[in-house]
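Residues per chain are reported as follows:
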Amino acid sequence: MTVARSAQPAVASHRDAVLSFITEQAWLDLACELIPAGQPEAENPLDPDLPGGKEEGIALLLADKLAALGFTVDLKARTPHRLNVIGALAGGGEGPSLILNDHLDTYPAGDWAAWTMTGGHPFRPTRHGDLLYARGTSDTRGNLACTLLAVEAIRAAGVRLKGTLKCVYTADEEKNGPDGSIFLLDECGLEADYTIVCEPTAWTAPDGGWGMGIAIANCGNFLVEVETSGIKTHLWRPDTGINAITKMMELLPQLEQMSFAHTPAPHAGGTPPMVTVLRIAGGVPREMQFTPDSCKAVLGVVGILPGMTRESVMADINAVITDALAADPTLKAEARPFPGALFVDGTGEQEADAEPVRTLRKAYGEVLSGEPKLYRKNAFNDTIRFSERGFKAITFGPGEDGWAPVNESIHIGKAVAATRILALTVMDLLGVEE
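Just so you know, these numbers come straight off a predicted model, no measurement behind them.

**Details of the overall build of the protein**
Reasoning step 1: Within the protein, the secondary structure is distributed over 10 helices and 17 strands.
Reasoning step 2: Here the protein, with 434 residues, has 52% of them falling under the buried criterion.
Reasoning step 3: A sequence separation of at least 24 residues applies to 81% of the contacts in the protein between residues at least 6 apart.
Reasoning step 4: On the protein, roughly 17700 Å² of surface is accessible, and the fraction owed to carbon and sulfur atoms is 54%.
Reasoning step 5: In the protein, 36 positive and 56 negative side-chain charges are present, and the distance between their average locations comes to 1 Å.

Here is the structure:
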């Protein structure tokens with residue numbers, strides 16, 4: 001890889017042509033094409049014990065679009081029907097390389113009838129005022145449309161970049177990346193000097209003001225299974241047994257209120273290291289005559305910061321359980337990593353005055369004025385996988401960190417502004433040939 005000094009801003013005529021190409025209608029047309037593509041097959045639940053999505057449909061569409069823009073396109077798959085798209089536009093001179101990244105999968109839409117803003121169809125993009133609704137608008141196909149439209153604008157304006165631009169669209173992000181970013185980085189040799197992951201970083205103030213932050217770091221996450229054991233007895237004599245569900249109900253509040261050992265980070269993230277309950281199961285069909293002797297719960301540990309490890313998290317949870325066992329001789333409980341779950345580290349922070357943060361901040365000021373806030377994003381995205389491997393990676397995009405279970409939306413004005421910011425960032429970071 002070649003890291004060059006930050007390039008001079010593109011000439012005014014190029015900038016004007018690029019910015020004029022990026023209109024609200026252009027973004028809407030592209031977003032409304034990308035959001036439903038290959039759905040619902042691309043739904044990808046985090047649950048390690050459930051099948052993953054199939055991103056093939058959207059991947060092939062994007063591959064065609066990138067090829068039409070002059071990119072060399074490579075499709076990579078670790079698992080059938082789970083395509084990753086790598087489009088490369090070689091630079092015409094000396095300059096750094098930049099990856100624009102987004103993911104192709106979405107989290108599941110859930111109950112379609114609950115999608116009241118899209119007429120009961122979660123993959124039907126529907127506009128209401130300044131918002132576009134559908135699954136994937138904010139996370140993250142609406143953001144993906146920003147990356148692709150930014151590139152279209154650059155190409156339409158006849159801009160020739162000095163550095164190499166790569167559009168990398170990954171599978172399996174919702175499951176932390178084994179078939180996507182991990183596969184591309186560890187097995188396919190994907191690399192670049194800088195990475196901008198276009199995922200939700202936008203915000204709206206109570207007074208209606210808004211902007212977009214730059215996530216210079218991420219928190220991690222982990223899934224843990226806790227099991228309580230009891231003594232099965234007949235329904236009519238619960239006093240002679242120990243109900244495993246009741247014991248779990250007594251234990252869970254202690255786990256939800258626990259603290260994790262950690263070193264505070266300069267940018268701490270919106271959520272501190274904590275536990276939330278994701279699943280609980282006890283009792284079995286055809287045994288309602290008996291009290292349950294086993295209950296299992298799945299915990300999500302979120303807000304993980306640098307320095308926390310799988311071992312430290314499990315030690316903290318086991319310490320809470322040990323105290324609970326000592327306080328209640330009838331309790332039997334144990335914790336283990338949920339089978340197949342990946343431990344996701346919290347990442348270190350990129351420097352505010354180093355690339356690519358510096359150039360993105362400058363472009364932000366040119367389009368929106370003012371300074372974007374720098375923060376630690378609480379959620380997983382592929383930025384983590386690039387950062388873990390030593391690449392300079394940040395997150396920026398017009399979606400909001402809300403992750404709505406239903407009626408997901410994105411602000412159209414923010415999407416247009418983000419597209420313009422990304423286009424200017426690409427030109428200024430990679431440099432433009434005269």
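On we go.
**Brief notes about the side chain of threonine 419**
Reasoning step 1: Looking at where threonine 419 falls in the secondary structure, it is placed in helix H10 (residues 412-430).
Reasoning step 2: Judged by its relative accessible area of 0%, threonine 419 falls in the buried class.
Reasoning step 3: Leave out the neighbours within four places in its chain, and threonine 419 touches Ile22, Trp27, Cys146, Leu149 and Ala150.

**Overview of the pattern of salt bridges**
Reasoning step 1: Tallying each qualifying case throughout the model produces 30 salt bridges.
Reasoning step 2: Arginine 279 is the salt-bridge partner of aspartate 47, the closest N and O atoms lying 2.8 Å from each other. Highlighted residues: aspartate 47 in the loop between helix H2 (24-34) and helix H3 (56-68) and arginine 279 in strand E12 (residues 274-282), separated in sequence by 232 residues.
Reasoning step 3: Residues participating in the shared-partner salt-bridge network are Glu55, Arg78, Arg82, Asp172 and Asp179.

**A word on the environment of leucine 278**
Reasoning step 1: Within the element layout of this structure, leucine 278 appears in strand E12.
Reasoning step 2: What makes leucine 278 partly exposed here is its relative accessible area of 47%.
Reasoning step 3: Spatially, the C-alpha atoms of leucine 278 and leucine 299 are 5.6 Å apart, while their sequence positions differ by 21 residues.
Reasoning step 4: In contact with leucine 278, other than residues within four places in its own chain, are Leu223, Val298, Leu299 and Gly300.

**Considering the packing of aromatic side chains**
Reasoning step 1: This structure, assessed with the given rule, holds 3 aromatic pairs.
Reasoning step 2: Here the aromatic rings of tryptophan 112 and phenylalanine 123 are separated by 5.9 Å at their centres, their planes lie at 75°, and the arrangement is edge-to-face. Taken together, the positions of tryptophan 112 in the loop between strand E3 (97-103) and strand E4 (126-128) and phenylalanine 123 in the loop between E3 and E4 put the pair 11 residues apart, joining distant regions of the chain.
Reasoning step 3: The exposure class assigned to phenylalanine 123 is buried, which follows from its relative accessible area of 4%.
Reasoning step 4: Judged by centre distance (6.5 Å) and plane angle (85°), the ring pair of tyrosine 364 and phenylalanine 396 falls under edge-to-face. Taken as a pair, tyrosine 364 in helix H8 (residues 357-368) and phenylalanine 396 in the loop between strand E16 (392-395) and strand E17 (409-411) lie far apart in primary sequence, 32 residues in all. Neither tyrosine 364 nor phenylalanine 396 differs from the other in exposure class; each is buried.
Reasoning step 5: Its end group placed over the ring of tyrosine 375, lysine 373 keeps NZ or CZ at 5.6 Å from the ring centre.

**Regarding the confidence of the model for the protein**
Should pLDDT be low for a region, the predicted coordinates there are not to be read in detail.
Reasoning step 1: Summary statistics for the protein give a mean pLDDT of 96 and a share of 97% for residues scoring 70 or more.
Reasoning step 2: Between residues 1-8, whose pLDDT stays under 50, and residues either more than four places distant or in other chains, the model counts 23 contacts.

**Here we look at helix H6 (residues 244-256)**
Reasoning step 1: With 13 residues, H6 should cover 18 Å at 1.5 Å per step; its first-to-last C-alpha distance of 18 Å lies within 8% of that length.
Reasoning step 2: Looking at H6, one finds that the buried residues are Ala244, Lys247, Met248, Leu251, Leu252 and Leu255.
Reasoning step 3: Contacts made by the buried residues of H6 are with strand E11 (220-229), E12, strand E13 (294-304), helix H7 (310-327) and strand E14 (332-337).
Reasoning step 4: Between the side-chain oxygen of the N-cap and the backbone nitrogen of isoleucine 245 there are 2.9 Å, and the N-cap of H6 in question is asparagine 243.

**Considerations on the nonpolar core**
Reasoning step 1: Core analysis: the biggest nonpolar cluster contains 65 residues, and Trp27, Leu98, Leu161, Leu165, Tyr169 and Phe396 have the highest contact counts within it.
Reasoning step 2: Among the elements that make up this core, the one with the highest residue count is H10 (13 residues).
Reasoning step 3: If near-sequence neighbours (up to four positions away) are discounted, tyrosine 169 is found in contact with Leu62, Leu66, Asn84, Val85, Leu100, Asp102, Leu104, Leu144, Thr147 and Leu148.

**Points about the environment of glycine 283**
Reasoning step 1: Relative to the helices and strands, glycine 283 resides in the loop between E12 and E13.
Reasoning step 2: Taking the C-alpha atoms as reference, glycine 283 lies 30 Å from valine 406; in sequence the two are 123 residues apart.
Reasoning step 3: Residues contacting glycine 283, with those up to four places away along its chain left out, are Ile245, Pro292 and Ser294.

**Some remarks on the packing of helix H4 (residues 137-156) against H10**
Reasoning step 1: At a minimum axis separation of 8 Å, H4 and H10 run at an interaxial angle of 55°. In terms of orientation, H4 and H10 fall into the oblique class. Two packed elements cross with a definite hand, and for H4 against H10 that hand is right-handed. Touching Cys146, Thr147, Leu149, Ala150 and Ile154 of H4 are Ala415, Ala418, Thr419, Leu422, Ala423, Val426 and Met427, all from H10.
Reasoning step 2: Residues of the contact of H4 with H10, tallied by class, amount to 10 nonpolar, 2 polar and no charged.

**With respect to the sheet that holds E11**
Reasoning step 1: Overall, antiparallel pairing links the 4 strands, which are arranged E12-E13-E11-E14 in an open sheet. Edge positions in the sheet fall to E12 and E14, since each of these pairs with one other strand and no more. Neighbour to neighbour, the strand axes of the sheet diverge by 25° on average, direction disregarded.
Reasoning step 2: When E11 meets E13, the two strands line up antiparallel, connected through 10 bridges.

**Description of unusual backbone geometry**
Keep in mind that most residues, glycine aside, have a negative phi and that most peptide bonds are trans.
Reasoning step 1: Omega for the bond connecting glutamine 39 with proline 40 falls within 30 degrees of zero, at 10°, which places this linkage in the cis form.
Reasoning step 2: Within the fold, proline 40 resides in the loop between H2 and H3.
Reasoning step 3: Residue proline 356 follows glutamate 355 across a cis peptide bond; omega there is 5°.
Reasoning step 4: Tracing the backbone through its elements, the reader meets proline 356 in the loop between E14 and H8.
Reasoning step 5: Look at asparagine 176: it is not a glycine, yet its phi comes out positive at around 80°.
Reasoning step 6: Tracing the chain through its elements places asparagine 176 in the loop between strand E6 (164-170) and helix H5 (181-187).

Rules used in this analysis
Residues numbered from 1 in each chain as written. Predicted model: local features only at pLDDT ≥ 70, side-chain atom pairs only at ≥ 80, totals over all residues. Heavy atoms only, no water. Helix = DSSP H or I, 4+ residues; strand = E, 2+ residues; numbered from the N terminus. Buried < 20%, exposed > 50% of the residue type's maximum accessible area, 1.4 Å probe, protein only. Contact = heavy atoms within 4.5 Å. Areas by Shrake-Rupley, 256 points an atom, 1.4 Å probe, with all protein chains shown as cover. Lys, Arg positive; Asp, Glu negative; His and termini not counted. Charge placed at Lys NZ, Arg CZ, Asp CG, Glu CD. Salt bridge = Lys/Arg side-chain N within 4 Å of Asp/Glu carboxyl O. Phe/Tyr/Trp six-rings, centres within 6.5 Å; stacked < 30°, edge-to-face > 60°. Lys NZ or Arg CZ within 6 Å of the ring centre and 35° of its normal. pLDDT = per-residue confidence, 0-100. Expected span 1.5 Å × (residues − 1). Polar contact = N/O pair within 3.5 Å; in protein donor to acceptor, adjacent residues only side chain to side chain. Core = buried A, V, L, I, M, F, W, Y, C linked by side-chain atoms within 4.5 Å. Axes fitted to C-alpha atoms, helices over the stretch in contact; angles between N-to-C directions. Parallel < 35°, antiparallel > 145°, perpendicular 65-115°, else oblique. Left-handed = near helix turned anticlockwise from the far one by under 90°. Nonpolar A, V, L, I, M, F, W, Y, C, P; charged D, E, K, R; others polar. Pairing = 2+ DSSP bridges.

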